[in-house]
Amino acid sequence: MARVTSKMQVTLPRSLAERYGIRPGDDMRFEADGAFIRIVPPNAVAAGDLDVEARLRLFDAATERQHAREAARPRPVAAGRGWTRDELYDRGRPAAD
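One structure accompanies this document, and this report is about it. Sequence positions are assigned chain by chain, starting from 1 and proceeding in written order. At least 70 in pLDDT is required for a residue's local features to be given in this predicted model, at least 80 for side-chain atom pairs to be given and counted, and no such filter applies to totals for whole chains, interfaces and linings, which use all residues. The basis for every side-chain value is the complete set of non-hydrogen atoms in the structure, without hydrogens or water.

## Examining the overall build of the protein chain
Stated precisely, the cut-off is as follows: Put simply, DSSP H or I for four residues or longer makes a helix, DSSP E for two residues or longer makes a strand, and each gets a number counted from the N terminus. Note on method: radius of gyration uses C-alpha positions; expected globular size equals 2.2 Å times residues raised to 0.38. By the convention used here, residues are in contact when the closest approach between their heavy atoms is within 4.5 Å. In this tally, Lys and Arg are treated as positive and Asp and Glu as negative; His is ignored, and so are the chain termini. A charge is said to be at NZ when it belongs to Lys, at CZ for Arg, at CG for Asp and at CD for Glu.
Each helix and strand in the protein chain was counted, giving three helices and two strands. By the compact-globule yardstick of 13 Å for 97 residues, the protein chain is too spread out, its C-alpha radius of gyration being 25 Å. Principal axes of the C-alpha set define a box for the protein chain whose edges measure 80 × 45 × 30 Å. Intrachain contacts of the protein chain at a sequence separation of at least 6 include 0% that bridge at least 24 residues. Each charge sign in the protein chain was given a centre, from 17 positive and 15 negative side chains, and these centres are 7 Å apart.

Structure, rendered in C-alpha cells:
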C-alpha cells in the first residue's frame, strides 16, 4: 500500500516499475475507471489498438503464466469428509423400515 505525501505524490514500488519498464522521468497517464484510478505506463498499448492475433498472443501468454503459477503452488491433500454423497441425500429423512 502506498501513502500520498503532502505534495500529492505516490511512490511506485520498485518491483512494479521494473516489471512495466518504468524509469525515472517517465510521464504516467492517470485515467478514471469507475471507482478506481488507473495508472498507465508510457509504453502501454491499449487493447483496442491491437489486432485480434496480437490480443490472442497476449491472452495465451497470460494463460501460460497463470498455469505456471498454479503448478508452482502446492495443492492441499483432500481429507475425508466423514460422509458420503449417498448419506448426504438421505440426511434428515426418516429411516425406511
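There's more to say after this.
## Considering a positive patch on the surface
Heads up, the condition is: Residues enter a patch when their relative accessible area is above 30% and they make no salt bridge; the linking distance is 9 Å between like charges and 5 Å between nonpolar side chains (Val, Leu, Ile, Met, Phe, Trp, Tyr). To measure how exposed things are, a 1.4 Å probe is used in the Shrake-Rupley method; for residues, cover is taken only from the protein chains shown. Within this document, salt bridges are pairs made up of a side-chain nitrogen of Lys or Arg and a carboxyl oxygen of Asp or Glu, the two lying within 4 Å of each other.
On the surface, Arg-19, Arg-65, Arg-69, Arg-73 and Arg-75 cluster together into a patch of positive charge. Secondary-structure assignment places Arg-19 in helix H1 (residues 14–19).

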